[in-house]
Amino acid sequence: MGSVHSAAALDVAVLSAGAVEPGLVAAIALYQKESGRKVAVTFNTAPQIRERVEKKGDKFDVVIVPPAVMDAFAEAGRVEPDRVTLGRVGQGVAVRPGAPVPDISSVEALKRAMLEAESVVFNRATGGQYIESMLRKIGVYDQIESKTARYASAQEVMNHLLKGKGREVGFAPMTEIMLYKDKGLRFVGPLPAEVQQYNAYVASPMRGAANAQAATALVRFLGTAPAKSALAAGGVE
């Protein structure tokens with residue numbers, strides 16, 4: 001994943017979790033049109049963002065992460081008090097183009113699909129950590145662990161599925177899956193309600209931002225009705 005805009009004549013630099021990408025890109029486009037400012041967004045997983053901010057000391061104007069990560073940043077004095085909730089993103093199931101489509105309409109159907117799959121693919125980020133715990137909870141993880149493949153990001157999961165073969169099943173945030181539909185990836189559906197998990201995402205200006213006023217303005221814009229509509233259209237509920 002790259003940037004929405006180049007850094008030339010940049011007003012705001014954003015570091016964001018990738019799960020909100022489709023909706024955030026649309027909301028940023030609205031902001032740029034309305035404000036005349038330029039925004040560049042770098043997308044990473046939540047663990048990668050923590051690595052960049054806490055260990056590498058990378059500087060951005062705005063950061064977008066799950067609330068628990070933002071709380072850690074706030075406690076360490078890395079972000080300003082302004083905080084806006086963008087929304088939440090649920091987990092979904094995808095298969096490669098032409099692959100058999102599993103039944104995931106219930107927890108029992110999902111369990112059968114996992115046992116019948118030739119491989120099960122998900123990431124090691126926040127969403128993938130939940131998928132592993134969910135598979136353990138429904139009692140199939142020990143039986144399928146040997147055929148699981150894990151990647152750092154949902155993007156790598158999607159690319160694995162696109163190049164795969166056989167009865168492979170992948171898990172990722174639904175917004176990430178939508179980004180690959182035009183490449184032929186098939187969105188099977190959301191997890192059954194009983195085991196669905198939604199991750200919320202919040203935005204905050206970073207302390208010491210090079211463009212503090214613009215950063216605050218962008219964060220506040222993301223809480224407006226037009227921005228919320230754009231986020232929702234991109235799968236961020």
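Our subject is the structure listed above.
Residues numbered from 1 in each chain as written. Predicted model: local features only at pLDDT ≥ 70, side-chain atom pairs only at ≥ 80, totals over all residues. Heavy atoms only, no water.

Q: Any details on the pattern of salt bridges? Residues and values, ideally.
A: Oppositely charged side chains can form a pair if their charged atoms are brought close together. Across all of its chains, the model carries 12 salt bridges by this definition. Arginine 88 serves as the salt-bridge partner of glutamate 237, at 3.4 Å between the closest nitrogen and oxygen. Placement of the pair is glutamate 237 in the segment after α10 (225–233) and arginine 88 in strand β4 (residues 84–95), with a sequence separation of 149 residues. With its nearest N and O atoms 3.6 Å apart, the salt bridge here joins glutamate 108 to lysine 111. With glutamate 108 and lysine 111 both in helix α4 (residues 107–116), this residue pair falls 3 residues apart, about one helical turn. (Salt bridge = Lys/Arg side-chain N within 4 Å of Asp/Glu carboxyl O. Helix = DSSP H or I, 4+ residues; strand = E, 2+ residues; numbered from the N terminus.)

Q: Which residues make up α10, and what values do they have?
A: Of all the positions in α10, only Ala227, Ala230 and Leu231 are classed as buried. Projection of α10 onto a plane perpendicular to its axis shows the buried side chains occupying an angular sector of 100°, all on one side. Exposed side of α10, more than 90 degrees from the buried face: Ala225 and Ala233 are the residues found there. Buried residues in α10 make contact with α1 (21–35), β4 and α9 (212–221). (Buried < 20%, exposed > 50% of the residue type's maximum accessible area, 1.4 Å probe, protein only. Arc of directions from axis to C-beta. Contact = heavy atoms within 4.5 Å.)

Q: Would you mind going over the nonpolar core in detail, with residue names and values included?
A: Among the nonpolar cores identified, the biggest contains 44 residues, and Leu24, Val62, Ile64, Phe73, Leu218 and Leu222 are the most heavily contacted of them. Among all residues touching leucine 222, those that are not within four sequence positions of it are Leu24, Ala27, Ile64, Val84, Leu86, Ala203, Ala227, Lys228 and Leu231. Listed in part, the 23 residues of the second largest apolar core include Ala99, Val120, Ile131 and Val140. (Core = buried A, V, L, I, M, F, W, Y, C linked by side-chain atoms within 4.5 Å.)

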